[in-house]
Amino acid sequence: MAVKIIDVDRIFEKQVRSAMMSNKGKFTEDEWEDKIAGMYSQFGKTPLEEFDGKSPEAYYGSFSGEELASALKKHVTSGVDVSTYLFDALVSSGGAEDYLIAFLDDKNAELVSYSVNILAEKKSDKALKIFLERIVCDETNEGIREAMGEAVIDNAKELQNLLLAVKGKAGKGEMYVAEALARCDRKQEIFEYLTGEFMKESDNNMIAYYACLLSEYGDDRAVEFLKTKINEPELDYAAYSELKNCIEELGGECDDLRDFSGDATYKRIKNLS
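Residues numbered from 1 in each chain as written. Predicted model: local features only at pLDDT ≥ 70, side-chain atom pairs only at ≥ 80, totals over all residues. Heavy atoms only, no water.

## Notes on the pattern of salt bridges
Taken as a whole and assessed by the stated rule, the structure comprises 16 salt bridges. Among the ionic pairs, E57 bridges to K45, the shortest N-O distance being 3.7 Å. Taken as a pair, E57 in helix α3 (residues 56–61) and K45 in the loop between α2 (29–43) and α3 lie far apart in primary sequence, twelve residues in all. E216 serves as the salt-bridge partner of R183, at 3.2 Å between the closest nitrogen and oxygen. In this pair, R183 sits in the loop between α11 (174–181) and α12 (188–200) while E216 sits in helix α13 (residues 204–217), placing the two residues 33 residues apart along the sequence. Sharing partners across several salt bridges, the network here consists of D154, E179, R183 and E216. (Salt bridge = Lys/Arg side-chain N within 4 Å of Asp/Glu carboxyl O. Helix = DSSP H or I, 4+ residues; strand = E, 2+ residues; numbered from the N terminus.)

## So, unusual backbone geometry
Not every positive phi belongs to a glycine, and D52 is a case in point at roughly 60°. Along the chain, D52 turns up in the loop between α2 and α3. Despite not being glycine, K123 shows a phi value in the positive range, around 55°. Secondary-structure assignment places K123 in the loop between α7 (109–122) and α8 (125–135).

## Considerations on the side chain of S55
Checked against the element boundaries, S55 lands in the loop between α2 and α3. Among the polar contacts made by the side chain of S55, one reaches the main-chain carbonyl oxygen of G44 at a distance of 3.3 Å. Those residues within four positions of S55 in sequence are excluded, and the remaining contacts are G44, K45, T46 and P47. (Polar contact = N/O pair within 3.5 Å; in protein donor to acceptor, adjacent residues only side chain to side chain. Contact = heavy atoms within 4.5 Å.)

## What to know about the confidence of the model for the protein
The pLDDT averaged across the protein works out to 93; a share of 99% of its residues lies at or above 70. Looking over the protein, one finds the lowest element-wise mean pLDDT in helix α16 (residues 264–272), namely 73, and the highest in helix α6 (residues 97–103), namely 98. (pLDDT = per-residue confidence, 0-100.)

## Quick notes on α7
Given a rise of 1.5 Å per residue, 14 residues ought to cover 20 Å, and the 20 Å separating the end C-alpha atoms of α7 matches this to within 8%. Its buried side turned inward, α7 meets α4 (65–78), α5 (84–92), α6, α8 and α9 (142–154). In this structure N108 caps α7, since a side-chain oxygen of it lies 3.0 Å from the backbone nitrogen of E110. At the C-terminal side of α7, K123 shows a positive phi close to 55°. (Expected span 1.5 Å × (residues − 1).)

## A look at α4
Taking 1.5 Å of rise per residue, 14 residues should cover 20 Å, and α4 covers 20 Å from first to last C-alpha, within 8% of that figure. For α4, every residue scored as buried is listed here: G65, L68, A69, A71, L72, H75 and V76. The buried residues of α4 all sit within an arc of 160° when viewed along its axis, so they share a single face. One or two steps after α4, the chain reaches G79, where phi turns positive at roughly 75°. (Buried < 20%, exposed > 50% of the residue type's maximum accessible area, 1.4 Å probe, protein only. Arc of directions from axis to C-beta.)

## Digging into a negative patch on the surface
Together, E29, D30, E31, E33 and D34 line one region of the surface with negative charge. On the secondary structure map, E29 appears in helix α2. You can call E29 exposed: its relative accessible area is 62%. (Patch = residues over 30% accessible without salt bridge, like charges linked within 9 Å, V, L, I, M, F, W, Y side chains within 5 Å. Areas by Shrake-Rupley, 256 points an atom, 1.4 Å probe, with all protein chains shown as cover. Lys, Arg positive; Asp, Glu negative; His and termini not counted. Charge placed at Lys NZ, Arg CZ, Asp CG, Glu CD.)

## Some details on the state of the cysteines
A full pass over the atoms with the stated rule returns zero disulfides. In this structure C254 is not part of a disulfide, and its nearest cysteine sulfur, from C246, lies 11 Å away. (Disulfide = S-S within 2.5 Å.)

## Describing the packing of aromatic side chains
Tallied over the full model, the rule gives 14 aromatic pairs. On the basis of an interplanar angle of 45° and a centroid distance of 6.1 Å, the ring pair of F43 and Y85 is categorised as tilted. Here F43 is found in helix α2, whereas its partner Y85 is found in helix α5, with 42 residues between them in sequence. F43 sits in the buried class, given a relative accessible area of 2%. Taken together, a centroid distance of 5.8 Å and an interplanar angle of 70° make the contact between F51 and Y60 edge-to-face. Accessibility classification places F51 together with Y60 in one group, the buried group. (Phe/Tyr/Trp six-rings, centres within 6.5 Å; stacked < 30°, edge-to-face > 60°.)

## A look at the layout of surface pockets
As a volume, the largest pocket reaches approximately 150 Å³. Taken together, N117, A120, E121, K123, A147, E150, A151, D154 and N155 form the lining of the largest pocket. With four residues, α9 is the largest single contributor of residues to the lining of the largest pocket. Residues of the lining of the largest pocket, tallied by class, amount to three nonpolar, two polar and four charged. (1 Å grid on protein atoms, 1.4 Å probe; cavity = no way out; pocket = protein on both sides within 12 Å on 5 of 7 lines; lining within 4 Å. Points joined across faces, edges and corners; volume = space filled by probe spheres on them. Nonpolar A, V, L, I, M, F, W, Y, C, P; charged D, E, K, R; others polar.)

## Structural notes on the nonpolar core
Nonpolar side chains in soluble globular proteins generally cluster together in the buried interior. Among the nonpolar cores identified, the biggest contains 86 residues, and Y60, L72, L104, F131, L163 and L226 are the most heavily contacted of them. Top contributing element to this core by residue count: α13, with eight residues. Here L72 is in contact with V82, L86, L90, L100, F103, L111, Y114, S115 and I118, once residues within four sequence places are set aside. (Core = buried A, V, L, I, M, F, W, Y, C linked by side-chain atoms within 4.5 Å.)

Right, dumping it as structure tokens:
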């Protein structure tokens with residue numbers, strides 16, 4: 001039997017509206033937020049007619065990975081919201097991985113996005129390697145690149161050797177590679193890469209970004225590179241402040257000797273203070 005295509009959230013919303021009408025004026029908005037969270041948790045365990053007398057959790061948990069993956073695609077293509085219960089069942093299923101990986105090449109961006117998020121939750125080794133391949137490909141959709149990039153960053157240590165192999169030649173995915181490597185174990189090759197990317201930047205936003213990565217990486221040898229960059233005359237106040245914070249976080253010191261009285265960001269901050 002195929003998985004039913006059901007708008008689970010609509011059923012739950014109907015129950016919430018009924019509960020709110022029955023208890024009108026009894027609870028504040030904040031109290032209702034707490035109650036609704038508890039109701040949703042209980043809802044997943046409650047037998048419902050729409051699920052053949054099973055609870056949403058038990059219903060989706062009774063299907064194979066292939067059946068759940070097929071249901072995911074049907075929900076998306078039919079415009080029916082994918083519930084947390086279907087999502088969680090796919091994460092837990094041992095047989096859904098290959099079907100979700102196949103969806104990564106689907107033309108439906110929403111289906112690809114769901115597949116990326118589920119595979120990321122599953123921490124699929126096979127999928128994470130594919131994510132890294134895709135984020136360094138300039139043709140990858142930017143929204144998909146971002147979702148895949150976040151998964152790669154979250155699993156950086158497991159992908160360290162593969163990340164090292166693509167560093168410096170990752171194209172539009174270079175920022176994700178750099179951020180992932182900043183979360184890896186100390187290694188001279190990584191330190192030289194991060195400081196190199198930082199020193200060659202001329203854009204203020206990117207300078208601040210790489211400074212934060214150096215701070216996160218935590219090697220105090222980066223202080224001398226940060227101090228060199230902080231003295232560049234083209235640096236604006238926002239980037240300067242970020243570099244100063246990063247220097248101090250790494251145990252260094254930085255004197256406030258620069259005059260930013262003509263900087264627009266500096267003026268806005270001073271006017272607010």
